[in-house]
Structure formats: C-alpha cells, structure tokens
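# Notes for the structure review
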Amino acid sequence: MAKGLVAALAAVLVAGAHAAPVEELRRSFERPPDDARIMMRWWWFGPAVTHTELEREMRAMKAAGIGGFEVQPVYPLSLDDATTGHRNLPFLSDDFLEALRFTSATARKLGLRMDVTLGSGWPYGGPQISVAQAAGRLRCERVRVDAGATRVAAPDITAGEQLLAVSSAPLKEGRADASGLKAMGRPVDGVLTLTPANEPREILFFIASRTGQMVKRPSVGAEGFVLDHYDSGATRTYLETVGARIAKTFAPQPPYAVFCDSLEVFGSDWTGDLLEQFQKRRGYDLAPHLSALVMDTGTQTADIRYDWGRTLTELLEERFLAPMQDWAKKQGALFRIQNYGTPPATLSSNGLIDLPEGEGSQWKTLRASRWASSASHIYGKPVTSSETWTWLHSPSFRATPLDIKAEADRHFLQGINQLIGHGWPYTAEGAAYPGWRFYAAGVFNDANPWWHAMPDLALYLQRVSFLMRAGRPANDVALYLPNSDAWAHFTNGRVEMIQALAARIGPDIIARVLDAGYGFDLFDDGSLAQRGRVENGALVLGGNWYRVVVLPNVERIPVTTLRVLEAFAKAGGTLIATRRFPALAPGLMATEAERSEVRELARSLFEAPGAPGRLVADENRDLTPALTAGLQPDVALAPAAPDIGFIHRSAGAAEIYFLANTGNMKKSVKATFRANGLPEVWNAMNGLITPIRVADRSATGLTLALELEPYESLIVVFSKSAATRVASANPPAQTPEPMDLNTGWTVAFGDGKPVAIDRLASWAESEATRFYSGLATYERKMTIPPAMLSKGLSVRIDFGDGKPLAEPPPRGTGMQAQLDAPVRDAAAVYVNGRRAGSVWCPPYALDITSLLHAGENQFRVVVGNTAINHMSGRRLPDYRLLNLRYGVRFEPQDMDKVKPLPSGLLGPVRLVASPKPL
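Our subject in this report is the structure included herewith. (Residues numbered from 1 in each chain as written. Predicted model: local features only at pLDDT ≥ 70, side-chain atom pairs only at ≥ 80, totals over all residues. Heavy atoms only, no water.)

## Considering the overall build of the protein
When you go through the protein residue by residue, the secondary structure sums to 19 helices and 51 strands. For a compact globule of 918 residues, the expected C-alpha radius of gyration is about 29 Å, and the protein comes in at 30 Å, within 12% of that figure. Counting only C-alpha atoms, the protein reaches 105 × 80 × 55 Å along its principal axes. Expressed as a percentage of the 918 residues in the protein, the buried residues total 59%. Long-range contacts, defined here as pairs at least 24 residues apart, represent 79% of the contacts in the protein between residues at least 6 apart. (Helix = DSSP H or I, 4+ residues; strand = E, 2+ residues; numbered from the N terminus. Rg over C-alpha atoms; globule rule 2.2 N^0.38 Å. Buried < 20%, exposed > 50% of the residue type's maximum accessible area, 1.4 Å probe, protein only. Contact = heavy atoms within 4.5 Å.)

Right, dumping it as structure tokens:
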C-alpha cells in the first residue's frame with residue numbers, strides 16, 4: 001500500500017525523469033505534486049484533544065499548503081478541568097484511540113498524509129516495559145581497598161541486574177594499574193573475600209544493569225521505562241501491546257508511515273544475553289576482558305571495544321530495526337526512523353528502514369541530515385526527510401519566515417527533500433493566545449501573525465523539495481565513515497556511533513570538500529559490501545557513481561573494504577587518505593594474514609613508488625589540490641564564497657543545481673559549472689523560468705555571473721532546450737528616478753480604524769502598539785507617470801535591504817537568520833486590488849509592472865509580525881500546579897528573551913524602474 005506508493009514515486013522520479021522531456025519538469029515545477037509538500041510534527045499535549053479542534057487545525061494546515069503531519073502525543077499542558085472543558089485522554093485509552101481514528105478519517109478526506117508515532121514522547125517505552133526489558137547498561141562499580149584488606153562489601157544487585165564478573169587491579173599513584181589486573185571470585189552473602197595484599201587495590205564489579213531511563217516527555221498514561229533496543233523480547237512486547245492497539249485503530253486504512261523518533265537511549269551499551277551473543281559472533285568470551293571497556297588494558301583494548309561495539313550494532317539491527325520494518329510492512333505502512341545515536345546505528349543500518357530521517361542544519365559538519373540522505377542515495381530510497389526547525393530562533397513564536405527558509409535551505413544542501421516541521425502544537429479551545437507550545441521548538445501554526453504568508457513560503461519549499469527528488473543525486477565524492485575506528489573508541493556508557501565518527505573525521509574535511517566545489521555522500525563498510533562495486537573507474541554504490549573516495553583519518557579498515565578500494569584506485573579512481581593511511585585490521589580475532597594484507601595493501605596504495613593513492617597530511621592546505629588534480633570541480637566559485645553551497649541532481653534531460661547563500665551578506669560570484677546545455681534560472685518563489693546569459697564557455701563547462709542576496713537561493717537548470725525568451729524592446733534612453741513611498745500612508749491595526757502616519761516606524765516604538773501582535777494594513781495612493789511604464793522597463797516595489805547583524809546569536813537559541821529585516825516580518829502586497837505576492841525574505845521587492853497603470857494607483861500592504869510582542873506584554877504561563885500533578889516533564893525555553901520586537905514596515909519603500917533583461 002504505502003510502500004507501493006513510494007516504489008511508484010521512485011520509478012517516476014528516478015527512471016521516468018531521465019526519459020521525460022524537460023518541459024514536463026517545468027510544468028511540475030510551476031505546480032509541484034502534493035507529495036512534495038512540507039509536513040508537520042503535530043504535538044498532542046496531554047493529549048487533551050477534541051474532534052472539533054483536530055479538524056479545524058487539519059483544515060488550517062491544508063489551507064496553508066502543508067501536506068500532512070505526524071501525530072506525536074506528549075506531556076500535558078493543562079489539568080483536567082470541567083470549567084475549561086480540557087480533559088487529558090490517557091495514552092492508548094479508548095478515547096485516545098478514537099481521536100486517532102477520527103484524525104485518520106479526516107486526513108484522508110482532506111487529502112493529507114498522516115504518519116503516527118508508535119508511542120508517546122521518545123524513545124519507545126512506557127508502562128508496558130518491565131525492568132527486565134528496560135534499556136540495559138554495563139554498570140562498573142569500582143571500590144578502593146587498603147593494603148592488607150581481607151573483605152569488601154559487594155554492590156547491591158537490584159531488580160533487572162546480574163553480576164557478571166569481578167576483577168582487581170593494584171593502585172599506582174592513585175590509579176588502577178591495568179597491567180596487574182586479576183580475575184576474582186564471586187561474593188558470598190554480599191561479601192567478597194580477599195587475599196591480603198601489600199598494596200592498595202581497586203576492585204571492579206561488572207554488573208549487567210539498566211539505565212533507568214524513562215520515556216522523555218510522555219503523555220498521560222505513557223510513563224515508564226525505555227525499552228531495551230538490543231532485546232527482541234522487549235521489541236516484541238512493545239509491538240504486541242502498543243503497536244497492535246494503535247494498528248487496530250487504523251484498520252483497514254493504515255497510516256502512511258509509523259515513526260520512531262530519536263535513538264536517544266542514553267548510555268545503553270548492554271543487554272541480558274550479550275555475553276552469549278558476543279561469544280557466538282566474535283568467537284571468544286568477553287567476560288575476562290570487561291575491564292577493557294572501562295580502562296586501557298593494553299594493546300588489545302581497541303580490538304575488544306571494536307568487537308563489543310560491532311556486536312551492539314548487530315543486535316540493534318536484528319532485534320529492533322528489522323522487526324520494526326517487518327511489523328510496519330505487515331500493517332501496510334512504511335517505517336520511518338531517525339536512525340542514529342544510541343544504540344549505535346551505522347549508516348548501513350538504514351538498509352533496514354523505508355524512510356530515513358535526519359536532523360540538524362549544520363551542513364558543513366557530520367550531521368544526521370547528510371547521514372540520512374547518503375543512506376537514501378545508496379539504498380535507492382527517493383525520499384529523505386528531516387526534523388526541521390528544532391529550537392529555531394528560540395523562544396517559541398520567535399521564528400520568522402526568513403528563519404524558516406534560511407534553515408530549510410541548509411537541509412536541502414544536505415540532500416533532504418521532505419521537510420517535517422518541528423512543529424505544530426495542538427492548542428485546546430479556550431487556551432489563551434497565542435496558544436500552547438512545545439518546549440524545544442518553534443511554532444509554525446496559524447497563531448502566528450505572519451501566517452498569511454505561509455502559503456507562499458510553503459510553495460517555495462514544495463517546489464525545491466520536488467526538484468530535489470527529480471532524477472538521481474550527482475555527487476562526485478564518496479567520504480568513508482570509519483566505523484571500525486568508532487567502535488574501537490567506544491567506552492562504557494559512550495556508544496553513539498555518529499558522535500564517535502564526527503570525532504574521528506574531525507571538523508574540517510567536509511567543509512574542504514564542499515568549498516572545493518564537490519558534492520559528496522557518506523558510505524561505510526556495510527553499504528559498500530551490500531551495494532558497492534567498481535566499474536569504469538568509478539566506485540558505484542547503488543545507482544550512484546563516485547570518481548573520488550576520501551578516507552578521513554582512518555586507522556582500522558576491514559581487508560574486504562581495502563580490496564575494493566585497491567580495485568577502484570587501480571581502475572583510475574582518485575583515492576585520497578588524510579592525516580594517515582589505514583594500517584590495522586580490526587577485531588581481536590583478526591588473523592595475522594588479514595593484518596598483514598591490510599598493511600601491505602595500504603603501503604602499496606599510498607607509500608610505494610607509483611602508488612595510485614594520495615596521502616594528504618594537512619586537510620586544510622592540501623586536500624583541495626588533491627581533489628582538483630583528479631577531477632574538475634562540479635561548481636567553482638570566483639571569488640571563493642564559503643557561505644554559498646550547492647547540490648546537484650541529474651534528471652537526464654536536465655542537470656539541476658540548487659544553490660543557497662547561507663550567510664547574511666550579499667554575494668556576487670562567477671560560477672563555473674561542469675555542465676553543458678542552455679542554462680535557465682528556475683525561481684522557486686514564483687515558479688517563473690528565465691534564461692540566463694552565459695558569461696564564458698569552455699570545453700569543460702559554462703560560467704555564469706550570479707548574485708545572491710543574504711539567505712537567497714537559486715536554482716540553475718541546464719538542458720538542451722531553454723524556455724522561450726520574450727524579446728524586449730530597447731530600454732528608454734533614460735530610466736526614471738525611483739519614487740519615494742516612505743510617507744503618505746495610513747495604517748489600521750487589526751479591525752481598527754485607519755490612522756495617518758507621518759513616517760514608517762516600528763510598532764514597538766509606540767506605547768499604544770508596543771505589545772501588539774497581529775496584522776496591520778498600510779494603504780496609500782500614488783500617481784505613476786507614463787515614463788515609469790515605458791516599454792522595456794519593469795517596475796518593482798522595493799522595501800529596502802536587510803542589515804547584517806554583527807553579533808553571533810546567543811548560544812542555545814538555535815539556528816536564526818542574522819539579518820535585521822526592513823519588513824517585520826511578512827507583508828502581503830496588493831496593487832489596485834490585486835495581490836502581487838508576499839515579501840518575507842531578501843530581496844525584499846516584488847515586480848508589480850503588470851498591475852500598474854499610468855495615473856493614480858492604490859497600494860495596500862498587510863503586515864504581520866510574531867506573537868512575541870503580545871507575549872511580552874503579559875504574564876507567561878504558570879506551570880506550578882501542572883508540575884505538582886504530573887511532575888516536571890519539560891522546562892520552558894529562553895523565557896528571558898521574550899521582549900517586544902521591531903514590527904511593521906520599517907522602510908525605505910520605493911518604486912524602482914529598471915530595464916528588463918534582454
């Protein structure tokens with residue numbers, strides 16, 4: 001069912017787009033398909049939901065251009081109260097499930113996609129999970145004893161725990177000396193008997209224990225332990241108790257996807273039968289080596305940790321990911337998950353899921369968004385989603401449409417093509433304006449005064465999402481993830497794969513690859529083994545061809561991986577190692593033959609005379625020359641502009657480049673594309689497609705002169721047939737001077753009467769409107785001289801330029817655009833009664849030529865700000881009684897930043913005539 005829809009989508013976008021003429025892409029770009037619309041994470045607080053409000057909010061989403069939602073029941077924000085009508089529906093209660101059923105039926109009627117979180121809060125867990133199936137950890141209790149001691153009290157072993165082993169180590173200079181480690185016997189009646197020693201010792205008790213972590217932000221009735229993701233029994237219990245009850249509610253129409261939020265099972269590094277599984281998989285007993293997980297015990301430490309970490313990943317895949325995907329498939333739904341974190345999922349673990357999801361807007365470092373999109377590219381999954389706008393310009397309600405676009409563009413640059421906004425807070429009827437909010441997120445619902453611009457913003461995001469699904473990714477570089485090194489550096493309680501990998505590869509290499517003008521994907525040993533081959537001098541992963549492979553600071557590598565890379569390099573591919581070349585075969589049971597082969601292969605690749613690989617000692621200095629020596633950049637910018645990023649997709653009939661200026665300064669560059677054909681600019685704001693002049697042409701590419709305003713994006717498409725250019729009349733010999741519109745306005749706040757104003761200024765400057773959040777309507781008339789409308793001229797209404805902010809955003813406030821805008825924060829513009837469009841991001845201007853006539857013209861500008869001004873004029877919510885009733889389940893974010901903000905038209909506003917492009 002749903003899986004068939006994705007398969008069909010893949011066929012259309014991957015196979016069909018190659019054969020489809022560019023005209024079809026143009027038509028779909030102007031009116032993109034509904035499945036490319038953004039979605040929202042819909043928080044149900046309590047849940048205290050009613051059918052009436054659920055339907056109202058779904059209709060508001062639909063009207064704004066939002067394509068669907070993911071239901072996420074979370075903590076209550078209101079006490080049960082007959083006077084307000086608020087009633088929290090316990091999780092999995094009949095009333096709660098009826099609300100899900102109603103929502104599903106209404107979503108289908110409205111044509112909205114519905115995903116459902118298979119739980120409440122995160123990670124999965126709740127009252128159905130006993131302590132015996134709760135998330136596990138290895139507990140090491142370290143007890144120091146004096147010289148001559150003959151006994152020591154053993155730690156208390158509580159429910160869900162088991163003593164695994166006891167060791168002792170002499171203390172040297174106050175620290176345990178691992179060279180003197182000895183196995184000890186078992187305690188009897190809670191006491192461990194010791195043979196007297198002449199020196200102080202440390203006794204280490206190793207206990208299979210539980211993290212004790214409870215579900216974060218649960219709704220009423222969903223409180224309980226987080227489940228053990230390495231335990232198939234725990235997964236089965238959860239699916240039989242939670243999953244089955246939710247699935248029955250949807251039958252026979254399943255949700256599009258079931259969702260699993262963040263793998264944030266903090267510190268979970270053990271499960272009940274890990275010793276048995278370790279013996280079976282790794283070929284030796286881990287029990288005598290447990291000390292290596294908590295201290296450096298010598299040369300074998302890293303290999304033992306590697307074996308342990310790899311075992312944890314395998315158990316996660318086999319006992320949680322695979323059963324979850326299989327269960328979802330049987331329900332007729334897809335399995336969507338944020339598959340990174342703890343337990344240690346690898347990139348190749350994504351082969352076991354249907355819809356990979358990332359998060360994080362940091363596009364020049366190793367983040368989950370790039371992780372998820374790379375997995376999608378390799379495993380042939382056409383759609384990659386991301387949790388978008390988490391903590392955006394905190395506090396809640398502070399985020400503006402510009403903030404939304406600025407972060408969304410960074411997700412697009414990482415290969416994301418389905419945005420899931422974080423998010424939409426359900427608000428019960430009667431709750432005080434501006435409504436309920438989630439503690440760690442912006443608010444992107446119709447309580448925002450700037451909401452009248454949301455359809456335009458949503459359509460921009462929909463157009464870009466559509467194009468970022470067309471064809472296939474066209475990345476040159478495959479960046480290797482050294483899983484073996486990451487596993488080898490795990491320690492007790494610290495087993496997060498993506499974090500360990502980020503530490504290994506460092507902060508610079510991704511930025512250097514991008515700044516050199518190349519797109520890239522991540523890959524690892526598992527994805528290489530499952531989807532990789534060498535063909536025609538390229539490393540082929542799935543359907544993607546990579547001409548360059550980079551090994552970032554790799555020390556350990558499986559010999560099977562190195563053999564493939566040797567074949568790649570000998571076939572003419574560019575193989576680069578940075579800082580070091582690999583020299584170790586991972587794992588304690590690696591054979592001497594394997595170790596020797598890794599050493600010899602690495603030497604022949606990077607050190608021997610005529611070696612086909614290249615070692616780059618300094619990534620910042622030497623990586624770019626190493627890359628460009630083997631392959632021309634896909635996009636080269638002159639002058640260098642690190643704030644400008646790009647992503648390239650090849651649709652057969654068209655080469656599609658999305659470029660974004662991620663900085664707050666205007667950039668003018670010459671961009672040389674490794675592409676041929678006729679270039680066009682596809683404007684995702686309005687759907688217009690226009691040819692662009694070629695500044696220079698060579699046998700290897702085309703150079704275009706580009707200008708990008710702060711946070712502006714640009715789509716350049718190369719094809720064999722450009723859109724027809726309408727010939728322009730020669731421009732007049734003299735262009736009229738701009739016309740000033742800074743005075744002569746009236747303004748009406750909300751439903752109030754219009755009042756004449758003598759200048760444009762922020763509403764926050766006036767005591768009467770300082771705390772106003774809402775819409776204000778500016779109106780004035782202007783006589784346009786005929787010369788302004790001469791043939792060959794276009795006229796725009798220009799609201800001025802934003803001013804870059806010099807100070808970086810405060811820590812902890814999330815991503816935000818560093819620009820003081822002239823429109824605060826979104827304006828809908830009407831000329832002579834017709835809507836010209838909306839203005840909410842640079843360039844703050846609209847072409848209104850077709851709406852003007854000579855003589856008197858009527859201008860109306862409707863401006864909306866944020867809800868912060870209203871909030872700052874009133875007391876913030878008091879959660880004291882709520883916390884007493886349910887415990888503290890959240891802390892409101894950044895309440896000290898709730899202060900009146902500049903609002904309205906700030907100016908200068910002008911009408912500007914300029915020659916139409918020839």
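## Examining the pattern of salt bridges
A complete count under the given rule lists 59 salt bridges for this structure. A salt bridge links Asp 35 to Arg 469; the shortest N-O distance between them is 3.7 Å. A residue pair is termed long-range when its members are at least 10 positions apart, and Asp 35 in the loop between helix H2 (22–30) and strand S1 (39–45) and Arg 469 in the loop between helix H10 (454–467) and strand S20 (472–473) qualify at 434 residues. Using a relative accessible area of 3% as the deciding quantity, one classes Arg 469 as buried. Measuring nitrogen to oxygen at the nearest pair gives 3.8 Å for the salt bridge that ties Glu 555 to Arg 504. Residue Glu 555 is located in the loop between strand S26 (548–552) and helix H15 (559–570), and its partner Arg 504 is located in helix H12 (residues 497–505); the two are separated by 51 residues in the primary sequence. If you follow the salt bridges from partner to partner, you end up with Arg 41, Glu 70, Arg 113, Asp 115, Asp 261, Arg 336, Glu 357 and Glu 387 in one network. (Salt bridge = Lys/Arg side-chain N within 4 Å of Asp/Glu carboxyl O.)

## Examining the pairing of strand S33 (residues 678–682)
Counting buried residues in S33 gives four out of five residues, a clear majority hidden from the surface. As defined by bridge partners, S33 adjoins strand S37 (residues 713–719) across five bridges and the pair is classed as antiparallel. If you follow Leu 678 over to S37, its bridge partner there is Ser 719. Alignment of S33 against strand S34 (residues 689–691), held across three bridges, turns out to be antiparallel. (Pairing = 2+ DSSP bridges.)

## Comments concerning the sheet that holds S1
Ordered in space as S1-S2-S3-S13-S15-S17-S18-S19, the eight strands form a closed barrel in which the pairing is parallel. The average angle at which neighbouring strand axes cross in this sheet is 30°, direction not considered. Lying over the sheet, helix H8 (residues 368–379) contacts strand S17 (355–359) and strand S18 (385–388), oriented at roughly 160° with respect to S17. (Axes fitted to C-alpha atoms, helices over the stretch in contact; angles between N-to-C directions.)

## With respect to the sheet that holds strand S35 (residues 696–698)
Spatially, the four strands line up as an open sheet ordered S29-S32-S36-S35, and their pairing is antiparallel. The open sheet has two edge strands, strand S29 (635–638) and S35, and neither has a second partner. Within the sheet, the average angular offset between the axes of one strand and its neighbour, ignoring direction, is 25°.

## Here we look at the side chain of Ser 385
Counting through the fold element by element, Ser 385 comes out in strand S18. Residue class for Ser 385 comes out buried when judged on its relative accessible area of 4%. At a separation of 2.6 Å, a polar atom in the side chain of Ser 385 contacts the side chain of Glu 357. Excluding anything up to four places from it in sequence, Ser 385 contacts Arg 336, Pro 356, Glu 357, Gly 358, Ile 416, Gln 418 and Ile 420. (Polar contact = N/O pair within 3.5 Å; in protein donor to acceptor, adjacent residues only side chain to side chain.)

## Let's talk about helix H9 (residues 401–413)
Taking 1.5 Å of rise per residue, the 13 residues of H9 would be expected to cover 18 Å, and the 18 Å separating its terminal C-alpha atoms lies within 8% of that figure. Within two residues after H9, Gly 415 carries a phi angle of roughly 95°, on the positive side. (Expected span 1.5 Å × (residues − 1).)

## Here's the deal with unusual backbone geometry
Following Tyr 433, the chain continues into Pro 434 via a peptide bond in cis, with omega recorded as 5°. Cis geometry marks the peptide bond from Gly 907 to Pro 908, where omega comes out at 0°. Along the polypeptide, Pro 908 turns up in the loop between strand S50 (904–905) and strand S51 (910–915). The residue Asn 553 is not glycine, and still its phi comes out positive at about 55°. Summarising the element assignment, Asn 553 is placed in the loop between S26 and H15. The class for Asn 553 is buried, based on a relative accessible area of 9%.

## Section: the packing of helix H6 (residues 274–282) against helix H7 (residues 301–331)
One can describe the packing of H6 onto H7 by two numbers: an axis separation of 10 Å at closest approach and a directional angle of 105°. Regarding the angle of H6 to H7, the classification is roughly perpendicular. On H7, the residues that touch Leu 274, Gln 277, Phe 278, Arg 281 and Arg 282 of H6 are Asp 307, Trp 308, Arg 310, Thr 311, Leu 312, Glu 314, Leu 315, Glu 318 and Arg 319. Looking at side-chain class alone, the contact of H6 with H7 contains five nonpolar, two polar and seven charged residues. (Parallel < 35°, antiparallel > 145°, perpendicular 65-115°, else oblique. Nonpolar A, V, L, I, M, F, W, Y, C, P; charged D, E, K, R; others polar.)

## A few points about the packing of aromatic side chains
Scanning the entire structure with this criterion turns up 33 aromatic pairs. When the ring of Tyr 75 is compared with that of Phe 890, the centres are 4.4 Å apart and the planes differ by 15°; the resulting orientation is stacked. One end of the pair, Tyr 75, is in the loop between strand S2 (68–74) and helix H4 (94–110); the other, Phe 890, is in the loop between helix H19 (880–886) and S50, with 815 residues separating them in the sequence. Neither Tyr 75 nor Phe 890 differs from the other in exposure class; each is buried. Centre to centre, the rings of Tyr 657 and Phe 673 are 4.9 Å apart; their planes meet at 70°, and the pair counts as edge-to-face. Of this pair, Tyr 657 sits in strand S31 (residues 654–661) while Phe 673 sits in strand S32 (residues 667–673), placing them 16 residues apart in sequence. Grouping aromatic residues by their ring pairs yields a cluster made of Trp 43, Phe 45, Tyr 75, Trp 122, Trp 391, Trp 436, Phe 438, Tyr 439, Tyr 879 and Phe 890. For Arg 860, the ring lying beneath its charged end belongs to Tyr 830, and the centroid distance is 4.1 Å. (Phe/Tyr/Trp six-rings, centres within 6.5 Å; stacked < 30°, edge-to-face > 60°. Lys NZ or Arg CZ within 6 Å of the ring centre and 35° of its normal.)

## A closer look at the nonpolar core
Judged by nonpolar contacts, the single largest core of 243 residues is most densely connected at Trp 270 and Leu 911. With 12 residues, H7 is the single largest residue contributor to this core. Residues contacting Leu 911, with those up to four places away along its chain left out, are Pro 738, Met 739, Leu 741, Met 782, Ile 784, Met 788, Val 795, Arg 796, Ile 797, Ile 848 and Phe 859. (Core = buried A, V, L, I, M, F, W, Y, C linked by side-chain atoms within 4.5 Å.)

## Some words on the packing of helix H3 (residues 51–64) against H4
At their nearest, the axes of H3 and H4 sit 10 Å apart, and the two run at 30° to each other. Judged by the angle between their axes, H3 and H4 are roughly parallel. Crossing hand, H3 versus H4: right-handed. Residues His 51, Leu 54, Glu 55, Met 58, Arg 59 and Lys 62 of H3 pack against Glu 98, Ala 99, Phe 102, Thr 103, Thr 106, Ala 107, Lys 109 and Leu 110 of H4. Of the residues belonging to the contact of H3 with H4, the class tally is six nonpolar, three polar and five charged. (Left-handed = near helix turned anticlockwise from the far one by under 90°.)

## Here's the deal with the pairing of strand S15 (residues 334–337)
What you see with S15 is no split at all: Leu 334 and Arg 336 on one side and Phe 335 and Ile 337 on the other are buried throughout. Sheet topology places strand S13 (residues 257–260) next to S15; four bridges connect them, and they run parallel. Counterpart to Phe 259 in the pairing with S15 is Arg 336. With two bridges joining them, S15 and S17 adopt parallel strand pairing. Within the sheet, the bridge partner assigned to Ile 337 lies in S17 and is Pro 356.

## With respect to the environment of Cys 260
Note on placement: Cys 260 falls in strand S13. Judged by relative accessible area, Cys 260 falls into the buried class, the value being 2%. Along the primary structure Cys 260 and Asn 339 are separated by 79 residues, whereas in three dimensions their C-alpha atoms are 8.4 Å apart. Not counting the four nearest positions on each side in its chain, Cys 260 is found in contact with Tyr 124, Phe 320, Phe 335, Arg 336, Ile 337 and Gln 338.

Read these as geometric descriptors, not functional statements.
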